[in-house]
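Here is how the chains run, residue by residue.
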Amino acid sequence: METCLILLQRVELLTDAENAFRDISKLDDDYYISRNNSLLLEFEEILTVTSETHLETVHMCLKTIYEDIFSNECTSAKRKVVLDMLSTFYNKQVNDLIVSSFDHYLFEIIRKNIVQQNNKDAIVECFKWLSQLLDFSTYKNCQVILSNTFQLVETFPNITKHDKVTRAILSILQKLLSRAEPLMPSYQIYRYMYAIFEFVKLKDECTSEKKSVFAPILWNYYSGFRSLSQVLSIRGRRFLYPIIQHSLCINKPTSCSFTPPHYKVDPVSLVIKMSESAMCLDPDLREPRYDLIANCLLQPYCVHVLERALLRPENPSSQAEDKVVSNEDKMSGSVSLVASSSSSLLNEKTVANGLEQVLTSLLQEMISDNDVTSGQWLNLVTNIQLLILKNQCIKVTTFINSVLSALKKTHAVYKLSDNAKKLYYLLVSFLTIISLNPSIQIGEVVLNQLVEIDEILSTSFPCNCVNFENGTIFEMSRLILWFNLKSRLHALNHTEVDLPRELQLAQSEVHNAFKSIMKDMKISSLVKLLNFSNTHDASSSQLQKRLITEFLNSNTQSPVKLIGNIYACGDVNPLDFDSLSNLTMSLRIVLFQQVTTHWRQLMAQLEKASFPGTGNVLFPSPALIETYGRLYMDTFFETFYQPTISLDSVIQCAIQQMCYRTFPICAEIFVQLLPRANMSYLFTFCSHCINLMNAKSRIKYLECSQFYSSLENSCIQMMSCFGVKNFIAIVEKHNASNTIMSMMSPDNEDYNKLFMLNVARCMHIAGVDCFDKSYKHFFEIIQSKTPHMLSHHMLHTMPAQMIALYQNQPFFQPEVNQKLKQEVENEYHNFLKLLSRSNTEVVNYILQLKGHYFLCFFWKLLLSDDGAINPPPITCATILEQIGPKNLTKHIQTFCDFINYEMLANMSKASKFIEAINKMIWEYDVLSIDRFVFAMVLRPFEQKDDQVSLYFIHLLLQSSSQLKERIDYYCDLVDNVDISDSAAKGGWFVNRQFPYNQKYEEKFHFEGIYAAHNSEPPNKFFFPTYFSNLCTRFVPVFDLVLTRFLEIPLLFKHLSALLASFGRIFRLHKQPITFLYKTVAYYKKIVDTEGARMLVMAVYDAFKRAKPSEWLVCLEFLENAASTDSFKNWNPATSYLNSLLEKLSQAVFNPSKCEPFCRFNWELEEFTSVSSHVLYSVCLEILCLPNMTPATVVGHLFELAINIESDMFNKFQRLNSVSLILNNLPPIYYSCIEESIEKMMKSDHLLSLSADQVLKVCQSVEGKSNEVCACVLKAQYLYYHANTCHLSLARQFLSSKLKPLVTTEQQLILYCHLLSPFFLIYSDNKPVQKSLYSDVIELLPTVVEKLPPGCRSLVCEDLIVDLLYFGKYTCIGDDLEPKVTASSLLCGPSMSRKMKFF
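Residues numbered from 1 in each chain as written. Predicted model: local features only at pLDDT ≥ 70, side-chain atom pairs only at ≥ 80, totals over all residues. Heavy atoms only, no water.

Here's the deal with the overall build of the chain
Worth spelling out the cut-off: Secondary structure elements are taken from DSSP: a helix is a run of H or I of four residues or more, a strand is a run of E of two residues or more, and numbering for both begins at the N terminus. With a 1.4 Å probe rolled over the protein chains alone, any residue whose accessible area is under 20% of its type maximum counts as buried; one over 50% counts as exposed, and the rest are partly exposed. Two residues qualify as a contact provided that any one of their heavy atoms is within 4.5 Å of a heavy atom in the partner residue. Only the protein chains shown count as cover for residues, and the accessible areas themselves come from Shrake-Rupley with a 1.4 Å probe.
When helices and strands are tallied, the chain shows 73 helices and three strands. Counting the 1398 residues in the chain, one finds 62% classified as buried. Nonlocal contacts in the chain, meaning residues at least 24 apart in sequence, comprise 78% of its contacts between residues at least 6 apart. With the model as given, the accessible surface of the chain reaches about 52,000 Å², and the carbon-plus-sulfur share is 50%.

This is how it looks when you write it as structure tokens:
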């Protein structure tokens, strides 16, 4: 033996090494003991030599030794000597490959003995040896041992409580999972415990004996992480529903910022994504979110949310695991092994075929419920089609299996009746939409399943005939389904398939209709016939061509006068919404493509036509333009997937081909569809319009006043719809500055002022701090382009930060002084002298003036006291044409300054001044009242001048009977059409625009001046108008006028008069509720309840003929708002707020039962869904309430939610509603919650509780009985639905105000629970997560220092340790290691020991 050892030390022979190890194991016991000391040294030397060069040999030798010493023949003395040798060597090893081999071969021995069941003593000895190894193992090896132990538990055949092997396993598990003397980071124990417990609980192979043995110890360790789980989650989270608003989307669906991480679910399990990495004990997180997915499927325009939520990651491994491996080399592969193991357990047992279960249960519920509206069925159909069509989040087989399963479960119990038709329509939509994606193939199995479904449904809906005239697609859906089935089965089998006997008569009717395709057929029948043709075959193309060229835009029909000398070809009646709804989505998309292509062809033809236009130039028909708009609105989100058919693509095409003549048409369509407009297109189109209006190259169309004013007013209307959510979306974009810069005008200061006013409103409503310094950047850009100042009252309603910007910047002061008066008078006398000379001299004189005084001259010509020249000379029209519409804006601004100065000096002559301006507007067509009022209301006057200017506007509008007459007439047209229930059937042009144009012709060429001299404008040409007129253009201007009057309480009486005279114009408003919401929220500080009441009642009165009584506010509000006195004396009771909560909860959780909104046609409404509409109407009511402070409102709302005597579901519903409401109110309401949180953090009540008690109440939901619990619920639910701006404010509050207050352990526990929503929301945002964990780390030394005498550690020590390890391994990595190490050293030995792996 000695010779072998010496030889092996000197020469490195592999065979000798192996033989030497075998010789050692065969020595007798006496020799072992006598030579113990020398053998240990020699054995170590040999292993050291071979470990450096021959790892494979070491592994083989160790395996031989293990097999020998744990065999039945080995004595205990020999086993002890060898194990002592191995333990000494093991303790000195640094090579992980050698160390891991100890564990690997040892577990092989154990498994072999378990299978043979012949040596329990050997198994026990193995576990004892493992226990010794743990004392000097690295945490990597502990992971391996724990993983192998877990696998043994899984495969162990029989386990009893008193068995020696069981006790050995339990002993090593206890040592491995010890929290007091940790062998591994707690996060790894956390994940292992989840996997093991899931096995014990869920595996069918896990016998009751195993559960009784292992469940107690596992549950003990498992439940030790409950506190961490509660900090990482929110109780009742699965009852929290978002409200989807499609207008927030500014990017592609897969990157929409409004789908935060806490709404993402695993596409297989439908479990919230974060819960898989968190392994939370919270059952709400571990439950599949069937309800959330089903809720989204029934909401309109939610496919982007579903696609985002169900999107499969490109890398199958989780993002958290990737971060861990890349950040730290200390993690071994065993954690990934356990993670995948637990994930497979979760997916396999709890949520197999998650989407199929969702669809099955949802369809089962809808089939059996006759109260489900057609709108909900259509929403479901649309969302499912798009999910199948693109990313295939829903597989074809999944969908078919769901339908079949739901049908089999409900058909025998319920009479399907109308729901059978809707289910047929769902199947038809599915079968036709996949034809647009060639990559989706369906086989014969799926087709046969569809035939089986038809056999079940046919008893409820035989469909014996087809009614092309009055039938709906629901009634024809079975026949359409069979037409598609027949063609697909024929393509697969090359055999003809006969339709069911009851459908053969209907089939012949369809064939006859195809034969008579070129004969007389109504357009509605032609549209329905499209459903029976394949979208790619010849008959379909022929039908589409005939539909477009013969009905929508036929050159053979009589031309229709649009405006002036502009005519259109084709029909005036577009495809109504009923006809469009009778088309499958695939056909709507194809038809949309055809109409877009036809329109692009018309662009080129129009641009080649002569300019100025004459009667022989035929523009697109109203039917074609309106049909395009309706298709665009109806298939809005399909444009995400078909970019070539979007309105933006048409605009881009017009720019590339320089087809500027169609630009006003695009602008009209866009403005008409503003409630449904994609915000990214809005920004892009505004940019196009501004670039075109300020083009350096001379564009002939810009000389036309109508063309320029059309683009200008379109930008104003779009900017007026620019809301808080849109601005938040811009701020979230990486290229926010470029987006904003593209919307700023380089020379129109009025437009830029309007932009800054909208920025100020967004800052006030959403919070100033959330915009960081971006608003300063916007301000600097605007001031560099158009230096300007704001009026006194407008400026002082803005946030303090905005006021400081204006006060600290040098501005050009407006010319509202005596100098302007003197210059105008001097130049006016020179102008009068030149009137007798040639036109050329007069025109040159005006164009060469430094000041823009011509409108001042024209106005003075009309004043009787100055020797009025009536009519004004025709030279004035020539001058105006030479000035051009763009430069005329500067003349209007100077004219406003001059008029205001004259009013201040000669208030007694106000009526004469107004009379002269009315002549300029209505008699001589020099000015447009909307452009003049828009410029006047934005002039930067000082305090007194500002009041005079607004009073002047009041007098002007009240004297403009022509404007009031036009608004009343046009609103009557709108009301009459809507009341007759033909809004969806009739066209906007034929029912509204055409009658208005016939009675009130628009004038853009100073026709009044020429008419006074019995002549016509020499270059009179127009651009087509389909939706726009003076009334619609005046809507955003009137909005601005009202908001300016709200700034000055002294003018409230004039505000009331304006609303009485022109309040009906709200009937033409695209977003009346949004306007009220933004206005009342912004001016709440200076506007008393009377101002808000007047606005609300004006909007209500404008719509009362067309809308139900409660569409805007509830009946109790209307009753009390009927008069000023009753509203001021109204003290809303708690029951009133309770009714608002109930209404919103029903709108979110049960919209089909929410009256009267469930009967609305949301295609024609301001909002896209019941929940969005109700949310903003409720917020509006709360903002308008008299005698209730924000603190009172917030207190009552949370009291109604937390203290409700009902089930937990109702409580969570109400908390969800309160959170949604408060997150859509100004920050002053947020501050009330923050004040209550700050008060709780300082309260004696919190400090009077022990740390254990605080930990318990923070994880409770019984807020009624405990103030601390109520505080946590308020904060968590409030932050959960918060937008980016509110979250920024909340984080600032927690970090700057609340964090310095934390000095005790009770406060630290409360603070950690207040961070719960942020751990969820920012789960994939490393910088934010780092700041959150840094806050906790920084608080630890302070809290430990304040511990009472005799207390050595924190009660929540394990919670803090678990939380920090969780952050390290899921997101942060090693970034916080120095800070944690320094902090743990200050927190005592216990904390340092537990944090040693950080």
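Concerning the packing of aromatic side chains
Using the following cut-off: Classification of ring pairs uses Phe, Tyr and Trp, with its six-membered ring standing for Trp, and accepts pairs whose centres are within 6.5 Å; under 30 degrees between planes counts as stacked, over 60 as edge-to-face, and the remaining range as tilted.
Applying the stated rule across the entire model yields 35 aromatic pairs. A ring pair is formed by Y1230 and Y1279, whose centres lie 6.4 Å apart and whose planes are at 45°; its orientation type is tilted. With Y1230 in helix α63 (residues 1227-1242) and Y1279 in helix α66 (residues 1267-1280), the pair connects residues that are 49 residues apart, well separated along the chain. Here Y1230 matches Y1279 in class, with each residue buried. Here the aromatic residues Y828, F831, Y853, F854, F857, F858 and Y924 are joined through ring pairs into a cluster of three or more.

Looking at the pattern of salt bridges
Counted only if it meets this: We count a salt bridge whenever a side-chain nitrogen from Lys or Arg sits within 4 Å of a carboxyl oxygen from Asp or Glu.
A full pass over the atoms with the stated rule returns 27 salt bridges. Where R939 meets D897, a salt bridge forms, and the shortest distance between an N and an O atom there is 3.0 Å. Note that R939 is positioned in the loop between α48 (929-937) and α49 (943-959) and D897 in helix α46 (residues 875-905), a separation of 42 residues in sequence. D897 matches R939 in its accessibility class, with the two residues each being buried. When salt bridges with common partners are traced through the structure, they connect D972, D975, R1064, R1067 and R1105 into a single cluster.

Some details on the nonpolar core
Definition in use: Here, nonpolar core means buried Ala, Val, Leu, Ile, Met, Phe, Trp, Tyr and Cys residues that are tied together by side-chain atoms lying within 4.5 Å of each other.
Ranked by size, the top nonpolar core spans 441 residues in total, and within it M798 and F1117 carry the most contacts. No other element matches the 12 residues that α46 contributes to this core. Apart from the residues lying within four places of it in its own chain, the contact partners of M798 are M756, L757, A760, L790, I803, Y806 and Y1082.

Structural notes on helix α24 (residues 444-457)
This is how it is decided: Helix span is expected to be 1.5 Å times the residue number reduced by one.
The terminal C-alpha atoms of α24, which comprises 14 residues, lie 20 Å apart, in line with the 20 Å expected from a rise of 1.5 Å per residue. Taken together, the buried positions of α24 are occupied by V446, L447, Q449, L450, V451, I453, D454, I456 and L457.

Points about the packing of helix α70 (residues 1326-1345) against helix α71 (residues 1357-1372)
Going by this rule: All axes are obtained by fitting lines to C-alpha atoms, using only the stretch in contact for helices, and the reported angles, taken between N-to-C directions, cover 0 to 180 degrees. In this scheme, roughly parallel covers angles under 35 degrees and roughly antiparallel covers those over 145, while 65 to 115 is roughly perpendicular and the rest are oblique. Here is the rule for handedness: rotate from the far helix to the near one, and if that takes an anticlockwise turn smaller than a right angle the crossing is left-handed, while a clockwise turn gives right-handed. Polarity classes work like this: nonpolar for Ala, Val, Leu, Ile, Met, Phe, Trp, Tyr, Cys and Pro, charged for Asp, Glu, Lys and Arg, and polar for all others, with Gly in that last group.
Running from N to C, α70 and α71 cross one another at 155°; their axes reach a closest spacing of 11 Å. Considered as vectors, α70 and α71 are oriented roughly antiparallel to each other. Between α70 and α71 lies a crossing of left-handed hand. Where α70 abuts α71, its residues K1326, Q1329, K1330, Y1333, V1336, I1337 and L1340 lie against I1360, L1363, L1364, F1366, G1367, C1371 and I1372. Its residues assigned to classes, the contact of α70 with α71 comprises 10 nonpolar, two polar and two charged.

Considerations on the packing of helix α59 (residues 1134-1149) against helix α61 (residues 1190-1202)
Axis angle and axis distance: for two packed helices, these are the angle between their axes and the distance between the axes, and together they describe the pair. For the pair α59 and α61, the least separation of the axes is 10 Å and the interaxial angle reads 65°. With respect to each other, α59 and α61 are oriented roughly perpendicular. By crossing handedness, the relation of α59 to α61 is classed as right-handed. The residues of α61 that touch α59, namely those facing T1134, L1137, N1138 and L1141, are H1196, L1197 and L1200. Its residues assigned to classes, the contact of α59 with α61 comprises four nonpolar, three polar and no charged.

Quick word on the confidence of the model for the chain
Caution applies to low-pLDDT regions: their predicted coordinates should not be interpreted in detail. The criterion, for reference: One confidence number per residue, pLDDT, is output by the predictor and ranges from 0 to 100.
Predicted confidence across the chain gives a mean pLDDT of 75, with 72% of residues reaching 70 or more. Contacts from residues 637-641, a stretch scored under 50 in pLDDT, to residues over four places away or in other chains number 20 contacts.

Thoughts on unusual backbone geometry
Cis geometry is adopted by the peptide bond preceding P1156, which originates at E1155 and carries an omega value of -5°. Its place among the elements puts P1156 in the loop between α59 and α60 (1170-1184). Despite not being glycine, D925 shows a phi value in the positive range, around 55°. Counting through the fold element by element, D925 comes out in the loop between α47 (910-923) and α48. Look at D925 and you get buried, because its relative accessible area is 11%.

As for the pairing of strand β1 (residues 560-563)
Test applied: Strands are treated as partners if at least two bridges between them are detected by DSSP.
Pairing of β1 with strand β2 (residues 566-568), which is carried by three bridges, proceeds in the antiparallel orientation. The residue of β2 that forms the bridge with I563 is I566. Linking β1 back to β2 in an antiparallel pair, the connection comprises two residues, with G564 at a positive phi of about 55°.

So, the side chain of E1002
Spelled out, the test is: Pairs of N or O atoms within 3.5 Å make up the polar contacts considered here, provided that, within protein, one atom can donate a hydrogen while the other can accept it, and that residues adjacent in sequence are counted only when both atoms are side-chain atoms.
The residue E1002 is located in the loop between α51 (988-999) and α52 (1007-1012) in this model. Among the polar contacts listed, one links the side chain of E1002 to the backbone nitrogen of L1030, at a separation of 3.1 Å. A polar side-chain atom of E1002 sits 2.8 Å from a polar atom in the side chain of R1033. Aside from chain neighbours lying at most four places away, what touches E1002 is I563, Y996, F1022, N1029, L1030 and R1033.

Focus: the environment of M1240
Inspection of the secondary structure assignment puts M1240 in helix α63. Given a relative accessible area of 8%, M1240 falls into the buried group. For the pair M1240 and L1310, spaced 70 residues apart in the sequence, the C-alpha separation amounts to 9.5 Å. If we ignore the near neighbours within four places in the chain, the residues touching M1240 are L1246, E1267, V1268, C1271 and L1310.

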